[in-house]
Protein chains: 2
Amino acid sequence: MTGILESNVDVLIIGAGPAGLMMATWMAKCGINARIVDKRGTKIFNGQADGLQCRTLEILDSLGFGHRAWREANHMLEICLWNPDENGTIKRSDRIADTIPGISRFQQVVLHQGRIERFFLDAIAEASDICVERGVMPSSLKIDESLVDEDAAYPITVTLKHLTEEEATPKQSSTSVNGQAIQDGLFRSNLAKDDTQDLLDASKPCAKANNEEVVHAKYLIGADGAHSWTRNQIGLRLEGDSTDYIWGVLDIVPITDFPDIRMRCAIHSANYGSVMVIPRENKLVRLYIQLTTTEKTGDDSARADRSKIHPQIILESAQRILAPYKITYRKLDWWTAYQIGQRVGTSFSVHERVFLVGDAVHTHSPKAGQGMNVSMQDSFNLGWKIASVVKGYTRRSILKTYQSERRRIAQDLIAFDRKFSRLFSGRPAKDVMDAEGISMEEFKLAFEKGNMFASGIAVNYGASTIVAKEGSSAEQGDGTDVSVADSKHHVISDQSLCGGITVGMRIPSHKILSQADARPWHLHEVLPSNGRWRVVIFAGNTNDKQQRAKLWKLSEAFDDRNSFLGLYTPKGARYDELFEVLLIHNAPRISATVLDFPEIFRPFDEVYGWDYNKIFVDDVSYHEGFGNIYETLAVSQEGCIVIVRPDQYVSYIGPMGDTAAVNTFFAGFMKGQ
Amino acid sequence: MTGILESNVDVLIIGAGPAGLMMATWMAKCGINARIVDKRGTKIFNGQADGLQCRTLEILDSLGFGHRAWREANHMLEICLWNPDENGTIKRSDRIADTIPGISRFQQVVLHQGRIERFFLDAIAEASDICVERGVMPSSLKIDESLVDEDAAYPITVTLKHLTEEEATPKQSSTSVNGQAIQDGLFRSNLAKDDTQDLLDASKPCAKANNEEVVHAKYLIGADGAHSWTRNQIGLRLEGDSTDYIWGVLDIVPITDFPDIRMRCAIHSANYGSVMVIPRENKLVRLYIQLTTTEKTGDDSARADRSKIHPQIILESAQRILAPYKITYRKLDWWTAYQIGQRVGTSFSVHERVFLVGDAVHTHSPKAGQGMNVSMQDSFNLGWKIASVVKGYTRRSILKTYQSERRRIAQDLIAFDRKFSRLFSGRPAKDVMDAEGISMEEFKLAFEKGNMFASGIAVNYGASTIVAKEGSSAEQGDGTDVSVADSKHHVISDQSLCGGITVGMRIPSHKILSQADARPWHLHEVLPSNGRWRVVIFAGNTNDKQQRAKLWKLSEAFDDRNSFLGLYTPKGARYDELFEVLLIHNAPRISATVLDFPEIFRPFDEVYGWDYNKIFVDDVSYHEGFGNIYETLAVSQEGCIVIVRPDQYVSYIGPMGDTAAVNTFFAGFMKGQ
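Sequence order sets the numbering: in each chain, residues are counted from 1 along the sequence as written. By the order in which they are written, chains take letters starting at A while ligands take numbers starting at 1. Local features are withheld for residues below a pLDDT of 70 in this predicted model, meaning they are given only at 70 or higher, and side-chain atom pairs are given and counted only at 80 or more; totals for whole chains, interfaces and linings count all residues. Water and hydrogen atoms were dropped before computing side-chain values, which therefore reflect all heavy atoms in the structure.

For clarity, the threshold we go by: UniProt positions are given in the numbering used here, feature names are shortened, and annotations may be inferred rather than shown by experiment.
The name an unreviewed UniProt entry assigns to chain A is Phenol 2-monooxygenase, from the organism Trichoderma arundinaceum. Under the UniProt heading Sequence similarities (unreviewed entry), the note attached to chain A is "Belongs to the PheA/TfdB FAD monooxygenase family."

1. What about helix 10 (residues 440–455) of chain B?
All names here are of chain B. What counts is decided by this rule: Runs of H or I in DSSP of at least four residues are treated as helices and runs of E of at least two as strands, each being numbered from the N terminus. In this scheme, a helix's expected span is set at 1.5 Å multiplied by one less than its residue total. The quantity called bend is, for any residue, the angle between two axes fitted respectively to the seven residues ending at it and the seven beginning at it. When accessible area is computed with a 1.4 Å probe and restricted to protein chains, residues below 20% of their type maximum are described as buried, those above 50% as exposed, and intermediate ones as partly exposed. Contacts were defined at the residue level, with two residues in contact if any of their heavy atoms lie within 4.5 Å. Polar contacts here mean pairs of N or O atoms no more than 3.5 Å apart (in protein, one a potential hydrogen donor and the other a potential acceptor; neighbouring residues in sequence count only if both atoms are side-chain atoms).
In a regular helix each residue adds 1.5 Å, so 16 residues correspond to 22 Å; helix 10 covers 22 Å between its end C-alpha atoms and thus fits that length. Its axis deflected by about 25° at K449, helix 10 carries its strongest bend there. Three or more residues of helix 10 are buried, namely M440, F443, K444, A446, F447, G450, N451, A454 and S455. Of the surrounding secondary structure, the elements contacted by the buried residues of helix 10 are helix 2 (54–62), strand 5 (78–84), strand 6 (90–97), strand 15 (264–268), strand 16 (274–279) and helix 9 (400–425). Backbone nitrogen of E441 and a side-chain oxygen of the N-cap are separated by 3.2 Å at the start of helix 10; the cap is S439. Remark: G456 follows helix 10 within two positions and exhibits a positive phi of approximately 85°.

2. Considerations on the sheet that holds strand 7 (residues 109–110) of chain B
Condition: Pairing between strands requires that DSSP locate at least two bridges from one strand to the other.
The three strands are arranged 3-7-4 (chain B) in an open sheet whose pairing can be described as antiparallel. Two strands close off the open sheet at either side, each with one partner strand: strand 3 (51–52) and strand 4 (74–75) of chain B.

3. Looking at the UniProt feature "domain: Phenol hydroxylase-like C-terminal dimerisation" (unreviewed entry) in chain A
The UniProt feature table records "domain: Phenol hydroxylase-like C-terminal dimerisation" (unreviewed entry) at residues 459–672 of chain A. Structurally, residues 459–672 of chain A comprises 17% helix and 18% strand, and the distance from its first C-alpha atom to its last is 31 Å.

4. Notes on the relation of the copies chain B and chain A
Stated formally: The copies were overlaid by least squares, fitting only the C-alpha atoms of residues that reach a pLDDT of 70 or more in each copy.
For the pair chain B and chain A, the relating rotation is 180°, the translation along its axis is 0.0 Å, and the fit reaches an RMSD of 0.0 Å. Here the copies are linked by what is in effect a two-fold axis. It is H67 of chain B whose C-alpha, among those of chain B, lies nearest the rotation axis, at 4.4 Å. When the interface residues of chain B are mapped onto chain A, 100% of them again lie at the interface, so the same face is used by both copies.

5. Considerations on a negative patch on the surface
Put simply, the rule reads: Patch definition: residues above 30% relative accessible area lacking any salt bridge, with like charges linked at up to 9 Å and the nonpolar side chains Val, Leu, Ile, Met, Phe, Trp and Tyr linked at up to 5 Å. The method behind every accessible area is Shrake-Rupley, applied with a 1.4 Å probe, and residues are considered shielded solely by the protein chains displayed. Any Lys or Arg side-chain nitrogen found within 4 Å of a carboxyl oxygen on Asp or Glu counts as a salt bridge. The positive count covers Lys and Arg only, the negative count covers Asp and Glu only, and His and the chain ends enter neither. One atom stands in for each charge, and that atom is NZ of Lys, CZ of Arg, CG of Asp or CD of Glu.
A contiguous patch of negative charge on the surface is contributed by D144, E145, D149 and E150 of chain A. Mapped onto the secondary structure, E145 of chain A falls in the loop between strand 9 (136–143) and strand 10 (156–162).

6. Looking at the domain arrangement of chain A
Residue and element names in this part refer to chain A. As a reminder, the rule being used: For every domain, the bounds stem from an assignment made automatically or drawn from a database. Two parts lose some accessible area (1.4 Å probe) when they are put together, and adding that loss for both gives the buried area.
As assigned here, chain A comprises domain 1 (5–72 + 111–238 + 343–403) and domain 2 (491–668). Counting from both sides, the interface comprises 15 residues of domain 1 and, opposite them, 19 residues of domain 2. Here domain 1 and domain 2 share an interface that buries about 1400 Å² over both sides, 50% of which is from carbon and sulfur atoms. It is R55, W384 and Y393 in domain 1 that bury the most area against domain 2; as a group they hold 41% of the surface buried on that side. Along the contact surface separating domain 1 from domain 2 lie two salt bridges. When the shortest N-O distance is used, the salt bridge between E577 and K391 registers 3.5 Å. Viewed at the interface, domain 2 and domain 1 are joined by 10 residue pairs in polar contact (both at pLDDT 80 or more). Only helix 1 (18–30), helix 2 (54–62) and helix 8 (371–390) provide two or more residues apiece to the side of domain 1 that touches domain 2.

7. Observations concerning empty space enclosed by the protein
Residue and element names in this part refer to chain A. What counts here: Points on a 1 Å grid, built from protein atoms alone, make a cavity when a 1.4 Å probe fits but cannot get out and make a pocket when they are open with protein on both sides within 12 Å along at least 5 of 7 lines; residues with an atom within 4 Å of a point are the lining residues. Grid points are joined across faces, edges and corners, and a volume is the space filled by probe spheres set on the points. Residue type decides the class: Asp, Glu, Lys and Arg count as charged, Ala, Val, Leu, Ile, Met, Phe, Trp, Tyr, Cys and Pro as nonpolar, and the leftover types, Gly among them, as polar.
In this structure the tally under the stated criterion is nine cavities of 30 Å³ or more. Reported here for the largest cavity is a volume of approximately 110 Å³. In terms of lining, the largest cavity is formed by 14 residues, of which the most central are Q108, R264, G450, N451 and A454. Of all the elements in the fold, those that place two or more residues in the lining of the largest cavity are helix 9 (400–425) and helix 10 (440–455). Per-element tally for the lining of the largest cavity: the top contributor is helix 10, with five residues. For the lining of the largest cavity, the class distribution of residues is seven nonpolar, five polar and two charged. The space that makes up the second largest cavity amounts to roughly 70 Å³.

8. Structural notes on the side chain of K385 of chain B
All names here are of chain B. Checked against the element boundaries, K385 lands in helix 8 (residues 371–390). Polar side-chain contacts of K385 include one of 2.6 Å to the side chain of N381. A distance of 2.8 Å separates the side chain of K385 from the side chain of T401, its partner in a polar contact. If we skip the residues at most four places from it in the chain, K385 touches T394, I398, L399, T401, Y402, E405, I466 and R645.

9. Quick look at the interface of chain B and chain A
Contacts between the two partners involve 52 residues from chain B and, on the opposite side, 52 residues from chain A. Taken as a group, L77, Y622 and H623 of chain B account for 14% of the area that chain B buries against chain A, more than any other trio of residues on that side. Along the contact surface separating chain B from chain A lie two salt bridges. A salt bridge links E78 of chain B to R589 of chain A; its shortest N-O distance comes to 2.4 Å. Connecting chain B to chain A are 20 residue pairs in polar contact (both at pLDDT 80 or more). The set of elements that each furnish at least two residues to the side of chain B that touches chain A consists of helix 3 (66–72), strand 4, strand 6, strand 14 (238–256), strand 18 (327–345) and strand 27 (609–610) of chain B. In terms of residue class, the side of chain B that touches chain A is built from 25 nonpolar, 12 polar and 15 charged.

10. What about the pattern of salt bridges?
All names here are of chain A. Scanning all chains against the criterion turns up 78 salt bridges over all chains. In this structure, the salt-bridge partner of R118 is D122, at a minimum N-O distance of 3.1 Å. Note that R118 and D122 are positioned in helix 4 (residues 113–127) at a spacing of four residues, about one turn of the helix. Accessibility expressed as a relative area gives 28% for D122, which makes it partly exposed.

Set out below in structure tokens:
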């Protein structure tokens, strides 16, 4: 071991799929010393999960590249349900909006995962020097438990192995169709075993000196997928089982007379199973096709015989289900097959030093388009928390909320997926007396209800040190106790001041105008993901004497050196490094200018002058209508204070007069600077 | 001359500013063999014209990068007019929408010219191998007049000189402010002489063998600015004169208590002249500041003494005008000064083989934000015409419409600019009896009226071979005769069928839904600039028996081998290489599928299946409202045929039954394939 490279890093991320890249993006945006490694030699180019929920698009937009996904993606507007008629012939029986109108400024779209990864890579490169180290895999992990509670310690030691290019190239089963080699996804499917050990073994013969290095890290993120090496090292398990359903996936350019091929379709045939149609970019269509039904099993022995699964077999299944419509193809882009497994990790972390995210802690059916979304959102939840702890802004205690918040989401997802998969995979009921069949009415209702869940907008994090609401944190989360430790830091929101904003949920977005230049912005556009907390003051009509008085009083309190701003803003940092104080009033825009408001909302810089970007007004725009945010969000004319986390989830709502509550809230987890 | 490189190129473009890059982008999109050279060694980084009209944004969007400009630009929403009150103190006297609401889906924005050039460069690289050859300047030009009428000839011979890096770097007057060297624009201002000859002279001593080459071109584009070398070579002149107004320009990060500094402002002081405030990206503000008034002059002798103009002088002028408000800065990004010259080229072309575009044929005041826009739109008008002639699709006669259409625009612009400059530069009237002063009421009216002109949306091209409307082509254009040569090709539109679309103007854009997947698109989004003509069929309610019959009859006529599609579509090309036939109906969306319409609207490809992107419906969307295009554009329920040029301007409107007129129209200038 002489001459081996040793180094320290604050955060080490294993795996550069969407969950790992989301984590790296947070690290880049927050200026954290981080590394991200992936055992594969290249990023992926075909296939893979590809649905993007509207909440995910909001998040990508907050990172600066939602518009790229929105522009390139195929937009899905409508779901068409096709079911057998009285003669057993499939007919369109219903149409549903794919995304519930009004819940977000984005709607669900479909885009190849490789593009999403590209956007992340560009965003990381723009904000930092972090770059994905490919062909690098971990070979050992040690945690020094005596150090885990010391903030500044590096309790984690990982040995990294640098692979040769050959080793880092995944061995695919190369399928030949029309004489062309086609990439398939079997190597990552749960029908295949993890290849990590194979890769390690294969690299042994050509092992060179210095192809290993030792890294000491403060935090380790296992974003290494369903076969997570990190998870195995720390001895955590996934709980749950495989279902009895086997599905094939074809990404093709279809040649068909099926009229709804560019719609998202759920097609139940009378006797041959189901197909889900997902129209994609570049004329591609993804078909999820039910292949067969075996007995339910919890172990590997009943897995389908992989050698018998082939694009032609999958296509023939689709043709039987879609009859009398014809479908074939000349272009096959990718294909795979999988058996649905529904499992959740027993824990998401050890010592709040090693964290698992994404497929490493939950697996489920891909058809609801949740996989990539929930995985990215795991990291989106965790990243800013780790960054703020590493920077010394907040106490380590907030890290516990990751498991509390995200394991609960994973549990809910599995419950949703169980119900949805059963309905989707089952045989349609012939009539009301057919108890074994699936009622199509029930299916439609589940689909509609599922849409809200699937949008990602319904996420509602439980009470904790960083979500000031009533109730038991254990019950509202996954059972982990994340309640406020010291009762003197206990703060409860007054939800009545603003019925349209729910503490624990992401703040909704509507159009507001910049006071300085009358430009309309969606509220979310002024809440980019950069690690800052926002204290949003809805001040009501600031031409009203009382409201005006309250606003000036609030500003004085915030300006006090013992306020949260005075106590926790790092010395020498820009005034809004950690907290951004925003104002949204609803006096007529033209009745005021930015200079009519307290300086706390327009801080002065001697080189850059006044800050013109923190005062907004709820008024009509010249070209983009009227957001009407006060009415839409039922904001009280008494005004209110809303604290928004760096990930846009709402921590607190309270009266304008209670500035003490704001100080108390932040005192619960911030560290004095 | 032994060993000198000689080569042929279809189109040679001199100058890589916005006008030249727009031309190169068309060449790239249409697959034309073209080169673009620029004598400067690098693209510009600071300053320069930067307003983008809403029509320009529509055009950039049609080229695939409008969203990049829209996202990065500063949006200007409101114009504030400031005038002296009865005590001579400036006060905000009015507010006007900066862009007239409803005329476009974009509004006027401001973005540094260097970014626009970057977007062009990216678009060119994405579509072709064309790259800007920098540090290359022309040194001689010959035109073989005996060849100018031969389609396939290369009548133009240009010698190109490759400069050294040092030669290609513009010599700026480097201004030192706060110890930093600041770029200024005097070297390109009309207060400075053109430096082309200097560059040529300077390069002589180090001339090497092979640093010259000879290029034979079919077409030459002079996009080489106000001092155009190309214009001088072909002996064309600019007509007009310089005005008496001298203006300074400062790009600063202002430190000020002026409350409207983030609005576009026109500020008239009582005694110290005027300032125009243009808020820009990155906290920058551009100030146009009136410096002094000298006697009107037509020659160079009365030019201002350049050595006396300096940022401090300009700032002090601004301070006097803005008093009692204070303004200063710590950051100066760029500055320049200019004397307004208003001139138009006597002709825009020789032999329709050499064309001048942009500043080479018109100069005027920068304050209306027109310069870069009109210049880019010159090339946007010309590019597709040249491409279609080079490809052999259309006859050379259409090239005459460039001068007819664009010289008229330049003349209108100068007239507008004269009026606007006088109003802006003049002293405000003290009262109604003050005949020498400028009435502020008149100023406001002119501003409002000017907004329509300045938007670029009002452009209305006259009758010609490619614009089928009544009236004299000479009167409607610049005097050039571009009327239909053979009366058997004469076609007149029926404007009554669609009152909201005007023949000669760009087709307005409203939301329509794709029949195949219910996705809302702005009409312009489905008319990208790729050289294709569009024949848009507004078929009305296709559930109506009569409309349906008309639609099928029209489809049969279009499918005939003697139709325009049969005669002019290049052999072996894709079905929509030259013409795209689009359908917009207003039967309820869910009453039909794409397969219910004639195949002409959904051509079949044996590899890619049906084309799903040519049938649209005027119906309500799930998330983006109702475009209501039939009502908004007053489309007759009888339906109509609208022919749209590759640049989105409307050529023809006629009844669905008159398919013969469509054939006749295209016969006027298309070449049989």
